[in-house]
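Coordinates in review
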Amino acid sequence: MRREIPLLITFLVGIIFLFGPITTGNIPVLEMSFRQIVSTYLSPWTTIITAFAIGLASINLLRLHGSYVARKRSGWINSAALVISMLFFTVARIIRELRPTDPEVVAFYGRIFDNIAAPLSGAMFAILAFYIASASYRAFRARSLEASVLLVAAIIVMLGAAPVGALIWDYFPSLQRWLLAVPNTAGQRAIIIGAAIGGFATSLRILFGLERGYLGGD
Amino acid sequence: MNWANKLQSIDRRIIYTILLIGLTIPLIWPIGIPLAVNDTTRAVYKIIEDLDPATDVVLLSFDYSPASAPDVHPSAVAIVEHLTKRGIKWVGVSFWPEGPQMSEKIMRDLEARGLKYGVDFIDLGFMAGMENAIAEFAQNSRVITTDVRGTHIDNLPLMNNIKTMKDFGFVIGISAGDPGYNAFIRQAVDPMGVKFAAAIVTVSVPAAMPFYASGQLRGMLQGLRGAAEYESLTGVAGRGAAMMDAQSIGHLIIVAFIAVGNFAYFLSKKK
């Protein structure tokens, strides 16, 4: 029963989610439509489960890095920084949520977010520009026909996307737009449709109990 | 090692330094390179121009974090400036935990200019649950019962006529990843016919193009450039235009290094 009950729950919930958007009218006896069951019961439950998953992950992270600090494993100082900053921001946000009308609390949270979290995150993202510059210089070599096509497309897109491209050659922006709108859209559609069909097939396998990896074990 | 080989393996620190200088100078002394406006940006502008300030309320979903803020926050600011200019009221919501802090910055600025929270705009804050939360909010937009300032939505006149996401005159997702514009398309646009546009990070633009072509996205602001284009349409100067010069110089430097690398590669092959 340890396997059968989760499989049955998965099947029932999956069927309700599947029929929700494609059926109308009430289910006999229940006097509710699939859509109503989804919006009244399943959606709030899923939201709560997702929130719990974040909480669980946070506790797991704290336990793992807490043990690194306790055992003074190599790099424990980084773990300590993570644990302290995580606890600090968690407490600060909880106070902010509990006292949303207190201007001092709102201003304090705003200050620590704007002056600690925001610049650090922004700096991490900005570093990408430097990696991309270095990686592009090393990777974009016209070593073969395919590499040459990629190189030309990359240069057109880069110059077409920046205002300076139009100053260099009038056609850069229109060529860039054409690359995005025609070959790119065709390729992206193929990927999206392929992934959707693959996802649907996997969902059916899960619904019918053929795919059981999510249950853990075997 | 001859000079052709040397040019193929320039030290990354040299590339970083040149790029840093190239990006910094236009930020300090903007050049003002003229900018053409894309159709995707013009479409968003046109929809907002056609809204009725007396009846339409716009939903702005702030789904990004400080990491991606340099690319999308100027778009959020430009859209809010347009809404403010037209006297259109808006409701903010976030499906990313950091979202409310991003909208808070915009609201602080508006309040400093005399606009009133609760009258001209409100923020419902963060709703946990990722894509599922978007689905839930789409079907029942009163599922969030209090705003970020602790006021019950029954006491917020802006929410009086709002039951589902379809009741908003226009929905704009300012998104940097997952959940983002594609979750809105799956949960609100396709099943409910919500009028939706997105302001997205530049790197997401190729993946979003099919949704614009199909009409599921009514318009799209393409990263920082989209913000700069929008600022030029509204005539309200912002950070987008100022930062585009830096982006132009950055792209030029990258293309120049690629050209140098290839030139040296062909030269070394010839020898």
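Residues numbered from 1 in each chain as written. Chains lettered and ligands numbered in written order. Predicted model: local features only at pLDDT ≥ 70, side-chain atom pairs only at ≥ 80, totals over all residues. Heavy atoms only, no water.

A short note on the overall build of chain B
Basically, it comes down to this: By definition, any uninterrupted DSSP run of H or I lasting at least four residues is a helix, any uninterrupted run of E lasting at least two residues is a strand, and each is numbered from the N terminus. For the exposure calls, accessible area comes from a 1.4 Å probe over protein chains only, and a residue counts as buried if that area is under 20% of its type's maximum, exposed if over 50%, partly exposed in between. A contact between two residues is defined here by any heavy atoms of the two lying within 4.5 Å. The charge count includes Lys and Arg as positive and Asp and Glu as negative, but it does not include His or the ends of the chains. A single reference atom marks each charge: NZ on Lys, CZ on Arg, CG on Asp, CD on Glu.
For chain B, the count of helices and strands is 10 helices and 6 strands. The principal-axis extents of the C-alpha atoms in chain B amount to approximately 75 × 40 × 30 Å. Burial status across chain B gives 55% buried among its 271 residues. For chain B, the share of sequence-separated contacts (at least 6 apart) that also reach a separation of at least 24 residues comes to 73%. In chain B, 24 side chains carry a positive charge and 25 a negative one; their mean positions are 9 Å apart.

Considerations on the domain arrangement of chain B
When the parts come together, some accessible area is lost, and that loss is often what is quoted as the size of the interface. For clarity, the cut-off: Where each domain begins and ends follows an automated or database-derived domain assignment.
If you check the domain split of chain B, you get domain 1 (3–30 + 248–270) and domain 2 (39–237). Measuring from the centre of the C-alpha atoms in domain 1 of chain B to the corresponding centre in domain 2 of chain B gives 38 Å.

Thoughts on the nonpolar core
Where we set the bar: Definition used in this section: a nonpolar core is a set of buried Ala, Val, Leu, Ile, Met, Phe, Trp, Tyr and Cys residues joined via side-chain atoms within 4.5 Å.
In this structure, B:Ile48, B:Leu60, B:Trp90, B:Phe137 and B:Met165 are the most contacted members of the largest nonpolar core, which totals 78 residues. Once residues within four sequence positions are removed from consideration, B:Ile48 is found in contact with B:Ile79, B:His82, B:Leu83, B:Arg86, B:Ile88, B:Phe170, B:Ile172 and B:Tyr230. One finds A:Phe130, A:Phe140, A:Ala154 and B:Ile10 within the second-largest nonpolar core, a separate group that totals 19 residues.

Section: the packing of aromatic side chains
All names here are of chain B. Here is the rule we go by: Stacked, edge-to-face and tilted are the three classes for Phe, Tyr and Trp ring pairs, Trp counted by its six-membered ring, which pair at centre distances within 6.5 Å; planes under 30 degrees apart are stacked, over 60 edge-to-face, the rest tilted.
All chains considered together, the criterion is met by 20 aromatic pairs over all chains. Ring geometry for phenylalanine 62 and tryptophan 90: centres 6.1 Å apart, planes at 55°, overall tilted. Highlighted residues: phenylalanine 62 in strand E1 (residues 57–63) and tryptophan 90 in strand E2 (residues 89–94), separated in sequence by 28 residues. With a centroid separation of 5.3 Å and 15° between ring planes, the pair formed by tryptophan 90 and phenylalanine 121 is classed as stacked. A residue pair is termed long-range when its members are at least 10 positions apart, and tryptophan 90 in strand E2 and phenylalanine 121 in strand E3 (residues 121–126) qualify at 31 residues. Look at tryptophan 90 and you get buried, because its relative accessible area is 1%. Feature note: the residues Phe62, Tyr64, Trp90, Tyr117 and Phe121 constitute an aromatic cluster, connected by ring pairs.

Let's talk about the environment of A:Pro119
All names here are of chain A. As for its position among the elements, proline 119 is in helix H4 (residues 103–139). Take proline 119: its relative accessible area is 41%, and that puts it in the partly exposed class. Sequence-distant contacts of proline 119, defined by excluding residues within four places in its chain, comprise Phe113 and Asp114.

What about the interface of chain A and chain B?
How we decide: A simple way to read buried area is as the amount of 1.4 Å-probe accessible surface that goes missing from two parts once joined, with both sides added. Every case where a carboxyl oxygen of Asp or Glu lies within 4 Å of a side-chain nitrogen of Lys or Arg is listed as a salt bridge. For the purposes of these results, a polar contact is taken to be a pair of N or O atoms within 3.5 Å, where, inside protein, one atom must be able to donate a hydrogen and its partner to accept one; residues adjacent in sequence count only when each atom of the pair is a side-chain atom. In the scheme used here, Gly and all other residues not listed as nonpolar or charged are polar, with Ala, Val, Leu, Ile, Met, Phe, Trp, Tyr, Cys and Pro taken as nonpolar and Asp, Glu, Lys and Arg as charged.
Tallying the contact residues gives 52 residues for chain A and 58 residues for chain B. Taken over both partners, the interface formed by chain A and chain B buries close to 4700 Å², and the fraction arising from carbon and sulfur atoms is 66%. Among the residues of chain A in contact with chain B, A:Phe130, A:Tyr137 and A:Pro163 are the three that bury the most area, contributing 15% of the side total. Remark: the boundary between chain A and chain B carries 2 salt bridges. Along the contact surface separating chain A from chain B lie 19 residue pairs in polar contact (both at pLDDT 80 or more). For the side of chain A that touches chain B, the elements supplying multiple residues, two or more each, are helix H2 (34–71), helix H3 (76–98), H4, helix H5 (145–161), helix H6 (163–168) and helix H7 (171–207) of chain A. With 18 residues, H4(A) is the largest single contributor of residues to the side of chain A that touches chain B. Of the residues belonging to the side of chain A that touches chain B, the class tally is 29 nonpolar, 15 polar and 8 charged.

A look at the sheet that holds strand E4 (residues 170–175) of chain B
All names here are of chain B. Applicable threshold: A pair of strands is treated as paired once DSSP finds two or more bridges between them. Interaxial angle, 0 to 180 degrees, is taken between N-to-C directions of lines fitted to C-alpha atoms, where a helix line uses only the stretch in contact.
Pairing in this open sheet of 6 strands is parallel, and the strands run E3-E2-E1-E4-E5-E6 from one edge to the other. Strands with a single pairing partner mark the edges of an open sheet, and in this sheet they are E3 and strand E6 (220–222). On average, each strand axis in the sheet is inclined to that of its neighbour by 15°, with strand direction left out of account. Here 6 bridges tie E1 to E4, and the two strands are oriented parallel to one another. Residue leucine 60 lies in a different strand from E4, and its bridge partner there is isoleucine 172. Packing against the sheet, helix H4 (residues 69–86) makes contact with E1, E2, E4, strand E5 (196–200) and E6, and its axis sits at approximately 165° to E1. Together, E5 and E6 form the strand contacts of helix H8 (residues 205–213), whose direction differs from that of E6 by roughly 160°.

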